[in-house]
Amino acid sequence: MPDILVYALHYEGAINKNSLGAVSEGARLADQLGGKAHAILVGEGVPDDLAASLGAYGASRVLVAEGPEGLAQPVVDAMAQAIAAGGYSYALFGGGLLGFEIGAGLAARLSAGVAMEVTGVRVEGGKLIAERPILGDSAISEIEFRSEVGIVIGRLNAFETKQTGAGAAPVEHLSFELSEHAKRAKMVSRGEQRGADVDIEGADILVAGGRGLGKAEAFELCENLAKAFGNNAAVAATRAVVDAGWYPYAAQIGQTGKTVAPKLYLAAGISGAIQHKVGMQASENIVAINKDANAPIFEFSDLGIVGDLHKIMPKLIDAVKAKRES
Amino acid sequence: MKICVLVKEVPDAAVEKRIDSSTGRMDRSGEKNLNPYDTHAIEAAMQIREGGSVPVDEIVAVTMGPESAVRALHKAVSLGADRSVHLTDPLLAGSDVAATGYALAETLKREQPDLVLLGQQSDDGECYTIGAVVAEHLGMPSLTQVIKMDVTDGSLRCERQAEYGYDTVEVSTPAVISVGDAINEPRYPSLKAIMGAKKKPLQTLSVADLGIDANRVGGEHSAAHWLSVKAPPQKAAGVMIEDEDTAETVEKIIAWLDERKLL
Ligand SMILES: Cc1cc2nc3c(=O)[nH]c(=O)nc-3n(C[C@H](O)[C@H](O)[C@H](O)COP(=O)(O)OP(=O)(O)OC[C@H]3O[C@@H](n4cnc5c(N)ncnc54)[C@H](O)[C@@H]3O)c2cc1C
Ligand SMILES: Nc1ncnc2c1ncn2[C@@H]1O[C@H](COP(=O)(O)O)[C@@H](O)[C@H]1O
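Owing to the predicted nature of the structure, the values given are computational and were not obtained by experimental measurement. (Residues numbered from 1 in each chain as written. Chains lettered and ligands numbered in written order. Predicted model: local features only at pLDDT ≥ 70, side-chain atom pairs only at ≥ 80, totals over all residues. Heavy atoms only, no water.)

Q: Outline the site of ligand 2, listing residues and values.
A: All names here are of chain B. Near ligand 2 lie 19 residues; those nearest to it are L6, V7, D38, M64 and S122. In the model, an oxygen atom of ligand 2 is placed 2.5 Å from a nitrogen or oxygen of the D38 side chain. In the model, an oxygen atom of ligand 2 is placed 2.9 Å from a nitrogen or oxygen of the Y128 main chain. Coverage of ligand 2 by the protein chains reaches 97% of its 490 Å² of free accessible surface. No other element matches strand β6 (residues 58-64), which puts 3 residues into the shell around ligand 2. (Near = heavy atom within 4 Å. Polar contact = N/O pair within 3.5 Å; in protein donor to acceptor, adjacent residues only side chain to side chain. Areas by Shrake-Rupley, 256 points an atom, 1.4 Å probe, with all protein chains shown as cover. Helix = DSSP H or I, 4+ residues; strand = E, 2+ residues; numbered from the N terminus.)

Q: Hey, could you go over the interface of chain A and chain B for me, with residue numbers and the actual values?
A: Contact residues are listed per partner, giving 82 residues for chain A and 79 residues for chain B. For the chain A and chain B pair, buried surface summed over both sides reaches about 7,200 Å², with 57% attributable to carbon and sulfur atoms. Linking chain A with chain B are 8 salt bridges, by the criterion used here. Our count for the contact surface shared by chain A and chain B stands at 44 residue pairs in polar contact (both at pLDDT 80 or more). Of the residues belonging to the side of chain A that touches chain B, the class tally is 37 nonpolar, 22 polar and 23 charged. (Contact = heavy atoms within 4.5 Å. Buried area = accessible area lost by both parts, 1.4 Å probe. Salt bridge = Lys/Arg side-chain N within 4 Å of Asp/Glu carboxyl O. Nonpolar A, V, L, I, M, F, W, Y, C, P; charged D, E, K, R; others polar.)

Q: Could you give an account of the side chain of B:D96, with specific residues and numbers?
A: Residue and element names in this part refer to chain B. Along the chain, D96 turns up in the loop between β7 (83-87) and α3 (97-111). Here A224 takes part through its backbone nitrogen, which lies 3.1 Å from a polar atom of the side chain of D96. In this view, D96 contacts S222, A223 and A224; residues no more than four positions away in its chain are not counted.

These results come straight from atomic positions and should not be treated as a statement about function.
In structure tokens, the structure reads:
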């Protein structure tokens, strides 16, 4: 039975968008393999209608397990139990942080092969082949699984969300045993929003700042440039500067932040790490200012400026203002 | 408390990383260094020791890798580890994440640490996941990407950014924690520490020494098998400007933006 079990992350009554992509992808692949795609949700009092809604994305059955939310190891327990009972050939995860932790833990539990950061999956000879970019996306490796179960962890936004399913899926409640070590981690508080609540998703132009700004105060450069561009512009940030407390989490782009696709994304002092790239690579125009000519961001910029942002930005702000006023 | 820090030798970031087309594996020749992300894990261990909220008996650096990986261990010791353990064996070559995690867990079982610390990612492998694999084999709770850790006797209060914002999680020890690079600013080793590093105890172990199942490690036994490596789809190269005369640079940027009606 080449069936696929897809993990669906949910939070505050909604399924994660990347999980919807993973369920859609699971359904597409299961169809080609001649099997079924089932989804699994783990949480406290998951509503049946939320679970059933995954049917629209192609899940032919949804398993719901009662367990702590936001931690990986309880999900490993639940999925291992589901796989032991259901005989799945593959486990599939969308991008994100928990998917990595769960997929890796499950690989250890099942002695299974795991491929992470996967950007594409295809069926060949009745098996899945995963494509994984390596070495800063300069090459793509193709991976097959030699274990009973293969584990595929997608890259953020790699899988397209598609409503191909027949509507509500049957929901089945799964009971499972928490392992001793899973009981030793407790969520104290989840989803704390650090910093102001800024809205960046509607912006046509984003001026994004990274660690290259040097200090929190230098975000003023990004704000002034955004202001010069006018009402449709806002300021975004990398995780490095959000973790440092320089800018609010609500403005963070990337794997554990927002995904955006503005008309213009201007990155100042940002190296272009994969986890940042996945949240902004669909932008129509990407402009980068970085003093390091070898910065990875130049590999995917439409216009790259090698130089010191502290010299360039002030003049650029004035020039944008002057141009827009003329 | 006994802390084990997992460290890895990686190609220097300044050196181009390549795939060896004859083996399909990563070409790990050339200049090597301690994975920069691991220096944050060592620093975190040092800060627990110096913080004094719990006594730290020992900090042990552990690696799995070829002979040359001793240099990463020396660097780890110069940054504060008391001694190091080197798992090295031709049987391990080409191990995937799951096999590497299994072998490292077997090595750690002998040490019986109260806390295992790792870096957030290896500069070459970029799997972000060794910690979760190791933890599962050791039967310990684990978290990745931790950027704040308060240690009290028998428990850790950890903060990290996940999909929906910052989470605070309480974990009881023994535990496996991989730290994010925002957790601290690693110190530089003193000249004295660099000189003394080679004199600190270093234990070299093989697969047989540890009773590692040879059928579960190495490229041939890895369940995730690399079939091939190909080039990514070519994207048209962007326009590059070298900033020499800033007024001129800005003029060019404005012209570029204007052409695309972005102003
Ligand atoms: C699981 C996981 C999830 C993650 N999630 C995210 C995420 O959601 N979003 C995210 O952004 N990151 C995320 N990261 C972190 C990511 O890997 C990078 O560490 C981060 O994006 C780097 O931020 P940065 O570009 O600001 O800093 P750096 O990588 O330090 O880059 C700073 C850049 O500024 C340049 N610079 C310095 N001074 C100047 C100057 N004067 N003028 C011009 N340029 C200058 C430097 O050359 C350098 O390229 C995640 C990592 C992991 C492992
Ligand atoms: N061969 C290895 N030996 C010891 N530690 C390792 C090894 N590979 C990875 N690690 C640790 O695991 C972390 C994450 O690596 P990775 O999962 O490869 O991105 C690294 O920062 C190291 O702390």
